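Understanding the architecture of this molecule
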Amino acid sequence: TEAVGLYNVGETCCLNSLLQVFFMNIHFTRILRRITVPSPAWRRSNVPYQMLLLLEKMQCGKCKAVWPTELAYCLAEHRVKLFVQYDAAQLFLTLWNLLKKQMKKPELVEELSDLYTIHIREHLACQNCSFEIKNNSTMLTLPLPVLDANSHRLKTLEHCLQYFFLPEELTGQNMCFCQQCGRETPFLQSRKLVQLPETLTLHLKRFCFERSSYTLKLSHSLPFPQELDFREILTENQCQADDSEKASWQYELFAVVAHSGYSSWGHYCAYIRSLTECRWYCFNDSHVCQVSWDDVKCTYGRSNLSLRETAYLLFYMKKHPQ
């Protein structure tokens, strides 16, 4: 069975949830199974190798849950300590960087990048003259605000995506130095979507800093769909891709990493759709059970239930013709 849990070995609920999302992604495991096995002296500290060992242990099918102890100790050598509460978005980036760094085959590193990397075109234009700055950038996740500039709640995931790609005026303290004007001037900042990966990761920015330096969790309801078509969400001005690339921008929800509790403490679990069985499972450390789409929708959030599970990371898988 694919539904195998991971025991918590020291506040590792965040790590366990992300590992399950990696392992249930057959595109990722195809890459992981082709890694170069390091020499015996380096095996203990090699993250891809320890992840592969853990995956094989989980797929033996003899236990309902396994201990990720060796991998946890391996990560501890790379400053991912036990008994520390991590932010799932930051830990996801840390794990991905360690995987890329320690995979020895360049073709596997390239495949891993293609699997998760988002390509963006950033544009800065001075509002006083014709000076422009254009940069191509890559992102592992799209960090989507759940509030607009006036602190009003964005109502759906589609609204969050549209807001992320809206042009923004940089004025006042946010002005930029214009080389042509020779001083700080107002700029217009805009982003255009160039290329989307096989597995798209969306980060709902539910943790925000207040003026008192206190971190607040935003638990209001934010529905997300089972299917996304970026051609219907973004305008032509927000995209910079040919028609063949845009035709592939259709996605189906694959996984949800949900957080329960407050900003200072809490618990993570993962809801993941099996790509081979087309069933949803809830992975809550060592406890795994089959769930329905209605159960997944419970992670939309509710302001008066901040302690309940609230979606924090959304993973969408690119749709392909059968």
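Conventions adopted
Residues numbered from 1 in each chain as written. Predicted model: local features only at pLDDT ≥ 70, side-chain atom pairs only at ≥ 80, totals over all residues. Heavy atoms only, no water. Helix = DSSP H or I, 4+ residues; strand = E, 2+ residues; numbered from the N terminus. Rg over C-alpha atoms; globule rule 2.2 N^0.38 Å. Buried < 20%, exposed > 50% of the residue type's maximum accessible area, 1.4 Å probe, protein only. 1 Å grid on protein atoms, 1.4 Å probe; cavity = no way out; pocket = protein on both sides within 12 Å on 5 of 7 lines; lining within 4 Å. Points joined across faces, edges and corners; volume = space filled by probe spheres on them. Nonpolar A, V, L, I, M, F, W, Y, C, P; charged D, E, K, R; others polar. Domains from an automatic or database assignment. Buried area = accessible area lost by both parts, 1.4 Å probe. Salt bridge = Lys/Arg side-chain N within 4 Å of Asp/Glu carboxyl O. Core = buried A, V, L, I, M, F, W, Y, C linked by side-chain atoms within 4.5 Å. Contact = heavy atoms within 4.5 Å. Pairing = 2+ DSSP bridges.

For the protein chain, an unreviewed UniProt entry supplies the name UBP18 hydrolase and the organism Erithacus rubecula.

What to know about the overall build of the protein chain
Helix and strand content of the protein chain: 10 helices and 18 strands. Rg of the C-alpha trace for the protein chain: 21 Å, near the compact-globule value of 20 Å for 322 residues, within the 12% margin. Summarising its shape, the C-alpha atoms of the protein chain cover approximately 65 × 50 × 45 Å along the three principal directions. The 322 residues of the protein chain split such that 48% are buried.

Describing unusual backbone geometry
Peptide bonds are mostly trans, and most non-glycine residues show a negative phi. For R79, which is not glycine, the phi dihedral falls at a positive 70°. Counting through the fold element by element, R79 comes out in the loop between α4 (69–76) and α5 (88–102). By relative accessible area, which is 75% here, R79 ends up exposed. Within the chain, F83 stands out as a residue other than glycine whose phi angle is a positive 60°. Residue position: F83 is located in the loop between α4 and α5.

Description of the layout of surface pockets
One number sums up the size of the largest pocket: a volume of about 670 Å³. Contributing to the lining of the largest pocket are 23 residues, with P145, L147, A149, Y163 and E168 lying nearest its centre. Breaking the lining of the largest pocket down by element, the ones donating at least two residues are β5 (142–145), α7 (157–164), β6 (168–170), β9 (187–195) and β11 (207–209). Classifying every residue of the lining of the largest pocket by side-chain character gives 13 nonpolar, 5 polar and 5 charged.

A short note on empty space enclosed by the protein
Rolled over the atoms, a probe sized like a water molecule indicates the empty space that remains. On inspection of all chains with the given rule, the structure shows 1 cavity of 30 Å³ or more. What the largest cavity holds in volume is close to 80 Å³. If you trace the largest cavity, you find 13 residues lining it, with T12, L15, V80, K81 and Y86 closest to the centre.

Observations regarding the domain arrangement of the protein chain
Structurally, the protein chain comprises domain 1 (1–117) and domain 2 (142–166 + 199–321). The centre of domain 1, based on its C-alpha atoms, is set 22 Å off from the matching centre of domain 2. Here domain 1 packs against domain 2, burying approximately 2200 Å² in sum over the two surfaces, 66% of which is carbon and sulfur. Across the domain 1-domain 2 interface, the total number found is 0 salt bridges.

Some words on the nonpolar core
Of all hydrophobic cores here, the largest spans 55 residues; its most connected members are F22, F23, F28, M51, Y116 and V257. When we break this core down by domain, the ones giving at least three residues each are domain 1 (1–117) and domain 2 (142–166 + 199–321). Not counting the four nearest positions on each side in its chain, V257 is found in contact with S17, L18, V21, A88, Y268, C269, A270, T310, A311, Y312, L313 and F315. Ranked by size, the runner-up nonpolar core spans 41 residues in total, among them L222, Y251, Y271 and V291.

Let's talk about the pairing of strand β10 (residues 199–205)
In terms of burial, β10 is a largely internal element, 6 of the 7 residues being buried. The pairing of β5 with β10 spans 4 bridges and is classified as parallel. Bridging across to β10, L142 finds its partner in L202. Sheet analysis places β10 next to strand β18 (residues 310–318), joined by 5 bridges and oriented antiparallel. Bridging from a neighbouring strand, L202 pairs with L314 of β18.

Looking at α4
Listed as buried for α4 are L71, A72, C74, L75 and A76. Buried residues belonging to α4 abut α1 (13–23), α3 (47–58) and α5.

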